[in-house]
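# Chains, contacts and geometry: an overview
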Amino acid sequence: MTDDKDVLRDVWFGRIPTCFTLYQDEITEREAEPYYLLLPRISYLTLVTDKVKKHFQKVMRQEEVSEIWFEYEGTPLKWHYPIGLLFDLHASNTALPWSITVHFKNFPEKDLLHCHSKDVIEAHFMACIKEADALKHKSQVINEMQKKDHKQLWMGLQNDKFEQFWAINRKLMEYPPEDSGFRYIPFRIYQATTERPFIQKLFRPVDSGGQLHTLGDLLKDMCPSAITPEDGEKKTQVMIHGIEPMLETPLQWLSEHMSYPDNFLHISIIPRPTD
Amino acid sequence: MSFSMAEEEDFFLEEKKFKQYCEDFIKHSQKIGDGWEWRTSKDFADGYLSKTHFQITNRNVPPDLKEKNNDNIEQTLFMHVEESLDDSQVDGVCATAEVIRYEYHILYSSSYQVPVLYFRACFLDGRALTLDEIWRNVHACYQARLLEGPWDTITQQEHPLLGQPFFVLHPCRTSEFMSAVLTSSRKENRQTNYIASWLSIVGPVVGLNLSLSYAKLASEQNTDADVI
């Protein structure tokens, strides 16, 4: 039986083989070769694609280059969502490598947040961690930490340092011994088919009788239509980090072991492939 | 009990109370015709307050005014126009003027249990304003207030119900400054509308003004209140 800590490593080191291709209408001085990269599931597009940017800028004129953005099959990819979430939500049942198109013009203002520097990514990442702790601990744990601890979380993510990150993050995964878990579970449920980007509400890890809530309990409460109707076939998959956890899994355990570094459980509901 | 008090004496707003205050707020808005409405998301019972207004900025400043306002960082004049102004009327305005469409949404944050102000602005051709451009249209005195206010800087975030980029004035310390406001009202046995009080503080910072009549909104509800 694998140790629970192995799950933490498996989540951290998950990778998605990706092929980046320059958008055909971009103006180049020579032909642009595609660029291949293994993307960390737990990171963010604009944090890990400096090499992609450099590669394509080499064949373009400076005046043709403004803010980079990424798109998959016509859908602009939200850099502020973790890469693993984007893949699970948009491309999980397609052939690898994941084919992403790179743009340097016509930034889609109505769809994407701007990302002018790494500071923007850090601010977003830290804001997510703070919000998660507001839910888990009324912000007590994050507020008691020093600035250097916050910095260590960010540096751990940026430099892909598992031990450095978890040295601090483990404190965000603790709870008082008299409790059965966090105050509320930080989660977001995504479905590509809805206008609403995600569902996020208050949900306790334990019910009024002291029983641990499961993933199935959460889904029944938040999006019952996504859960299999008893008579029908399973029309959807519930995916976290590229796998379908059993619906009986306790939510508290999932929150401690399968959250992203931002401390949120990002759950995708996707159509089941009909092959 | 309207508020749950944590050890730190912060006032947290429960979602049901938020919706109730919004309902009262809308009723008053309809009475005075200042354009606030309640919008709901397509798939859920969740909703938010919304207001759109148009602002005309005229970058031609008369010469004598320029001299009088040497200390003034801003050299633009503002006219606020009601939403009822249709496009043909707008086009009739001075050709050098630019019309900006502002959208303000008030959503409830269940994570922090406070209201949050989302806003965005664009020109009539759809081009979005950058944060700098929005800033330049906020009166200088409010810019100073933003810098010293009990809030973090404004950031761009995804609107949780629409999925589009908005600017957010999300003070982590809303509950702190609201507790000061609400404590003094309680001392005077005066009921307040949380949304009206909160908006009167954060709104002007982003160019959103609230009619003084909203203060009456709270006291209208006091006629039945028991005074102990």
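Going along each chain's sequence as written, the residues are numbered from 1 onward. The lettering of chains begins at A and the numbering of ligands begins at 1, in the order of writing. At least 70 in pLDDT is required for a residue's local features to be given in this predicted model, at least 80 for side-chain atom pairs to be given and counted, and no such filter applies to totals for whole chains, interfaces and linings, which use all residues. With hydrogens and water excluded, all non-hydrogen atoms of the structure serve as input to the side-chain values.

The name given to chain B in an unreviewed UniProt entry is Ubiquitin-like-conjugating enzyme ATG10, with Nothocercus julius as the source organism. UniProt positions are given in the numbering used here, feature names are shortened, and annotations may be inferred rather than shown by experiment. Checking UniProt for chain B, the heading Sequence similarities (unreviewed entry) contains the comment "Belongs to the ATG10 family."

The name that an unreviewed UniProt entry assigns to chain A is Autophagy protein 5, with the source organism given as Nothocercus julius. Checking UniProt for chain A, the heading Sequence similarities (unreviewed entry) contains the comment "Belongs to the ATG5 family."

### A closer look at the overall build of chain A
If you tally the helices and strands in chain A, you get ten helices and eight strands. All radius of gyration figures rest on C-alpha atoms, and the globule criterion is 2.2 Å times the number of residues raised to 0.38. Taking 275 residues into account, the globule formula puts the C-alpha radius of gyration at 19 Å, and chain A, at 20 Å, falls close to it. Taken along its principal axes, the extent of the C-alpha atoms in chain A is 65 × 55 × 40 Å. Within chain A, buried positions represent 53% of all 275 residues. It only takes one pair of heavy atoms within 4.5 Å for two residues to be counted as in contact. In chain A, the proportion of contacts linking residues at least 24 apart, taken out of those at least 6 apart, comes to 71%. For the area figures, the Shrake-Rupley method with a 1.4 Å probe applies, and any residue is considered shielded solely by the protein chains shown. Carbon together with sulfur atoms contributes 49% to the accessible area of chain A, which is approximately 13700 Å² in total. In this count, Lys and Arg are taken as positive residues and Asp and Glu as negative ones, while His and the chain termini are left out. To locate a charge, the coordinates of NZ of Lys, CZ of Arg, CG of Asp or CD of Glu are taken. Across chain A, 32 positive and 41 negative side-chain charges occur, with their mean positions spaced 5 Å apart. Put simply, DSSP marks the helices as runs of H or I at least four residues long and the strands as runs of E at least two long, and each gets a number from the N terminus on. Only protein chains enter the accessibility calculation, which uses a 1.4 Å probe. A residue is then buried if its area is under 20% of the maximum for its type, exposed if over 50%, and partly exposed in between.

### Overview of the interface of chain A and chain B
For an interface, size is often stated in terms of accessible area lost upon the parts coming together. The interface of chain A with chain B comprises 26 residues on the first partner and 22 residues on the second. Summing both sides of the interface, chain A and chain B together bury roughly 2000 Å²; the carbon and sulfur share of this comes to 47%. Once two parts are brought into contact, the accessible area they lose, counted with a 1.4 Å probe and summed over both, makes up the buried area. When the buried area of chain A at its contact with chain B is split by residue, Lys110(A), Glu195(A) and Arg196(A) rank highest and sum to 31% of it. Put simply, a salt bridge is a Lys or Arg side-chain nitrogen that is within 4 Å of an Asp or Glu carboxyl oxygen. Run the count over chain A and chain B and you get three salt bridges. Its salt-bridge partner being Lys78(A), residue Glu158(B) comes within 2.4 Å of it at the nearest N-O pair. Between N or O atoms, a polar contact is any pair within 3.5 Å; within protein, one atom must be a potential hydrogen donor and the other a potential acceptor, and residues adjacent in sequence are included only when both atoms are from side chains. On inspection of chain A and its partner chain B, the count reaches eleven residue pairs in polar contact (both at pLDDT 80 or more). Broken down by element, the side of chain A that touches chain B gets its largest block of residues, five residues, from helix α5 (residues 118-137) of chain A. Considered class by class, the residues forming the side of chain A that touches chain B number eleven nonpolar, four polar and eleven charged. In the scheme used here, Gly and all other residues not listed as nonpolar or charged are polar, with Ala, Val, Leu, Ile, Met, Phe, Trp, Tyr, Cys and Pro taken as nonpolar and Asp, Glu, Lys and Arg as charged.

### Section: the UniProt feature "domain: Autophagy protein ATG5 alpha-helical bundle region" (unreviewed entry) in chain A
Mapped onto this numbering, the UniProt entry annotates "domain: Autophagy protein ATG5 alpha-helical bundle region" (unreviewed entry) at residues 119-174 of chain A. Taken end to end, residues 119-174 of chain A is 84% helix and 0% strand, and its two terminal C-alpha atoms sit 28 Å from one another.

### Points about the pairing of strand β6 (residues 98-109) of chain B
Burial analysis of β6(B) places ten of its twelve residues in the buried class, the great majority of the element. The rule for pairing is simple: two strands pair if DSSP sees at least two bridges between them. Hairpin connection between β6(B) and strand β7 (residues 114-123) of chain B: a loop of four residues separates the two successive antiparallel strands, and Gln113(B) in this loop has a positive phi of roughly 55°.

### A closer look at the sheet that holds strand β4 (residues 75-76) of chain A
All names here are of chain A. Ordered in space as β2-β1-β5-β3-β4, the five strands form an open sheet in which the pairing is mixed. The open sheet has two free edges, formed respectively by β2 (35-40) and β4, since each of these has just one partner strand. Bridge analysis of strand β3 (residues 69-72) against strand β5 (residues 98-103) gives three bridges, and the strand direction is antiparallel. Bridge assignment links Phe70 to a residue of β5, and that residue is Val102. Axis definition: a line fitted to C-alpha atoms, limited for helices to the stretch in contact. Angles are taken between N-to-C directions and run from 0 to 180 degrees. The strands that helix α3 (residues 50-57) touches are β1 (15-22), β2 and β5; relative to β2, the one it contacts most, it runs at about 165°.

### Observations regarding empty space enclosed by the protein
Residue and element names in this part refer to chain A. Lining residues are those with an atom within 4 Å of a point, where the points come from a 1 Å grid over the protein atoms alone and group into cavities, where a 1.4 Å probe fits but cannot get out, or pockets, open sets with protein on both sides within 12 Å along at least five of seven lines. Grid points are joined across faces, edges and corners, and a volume is the space filled by probe spheres set on the points. Counting across every chain of the model gives two cavities of 30 Å³ or more. Its boundaries defined by the atoms lining it, the largest cavity holds a volume of some 80 Å³. Lining the largest cavity are 13 residues, and of these Val11, Trp166, Ser259, Tyr260 and Pro261 sit closest to its centre. Each residue belonging to the lining of the largest cavity can be placed in one class, and the counts come to eight nonpolar, four polar and one charged. Here the lining of the largest cavity spans two domains, and each of domain 2 (117-174) and domain 3 (179-274) adds at least three residues to it. Size it by volume and the second largest cavity reaches roughly 40 Å³. Considering the residues around the second largest cavity, the lining is formed by Thr46, Glu67, Ile68, Trp69, Phe70, Leu77, Trp79, Phe107, Leu112, Leu113 and Cys115. Here the residues of the lining of the second largest cavity sort into nine nonpolar, one polar and one charged. Where each domain starts and ends follows an automatic or database-derived domain assignment.

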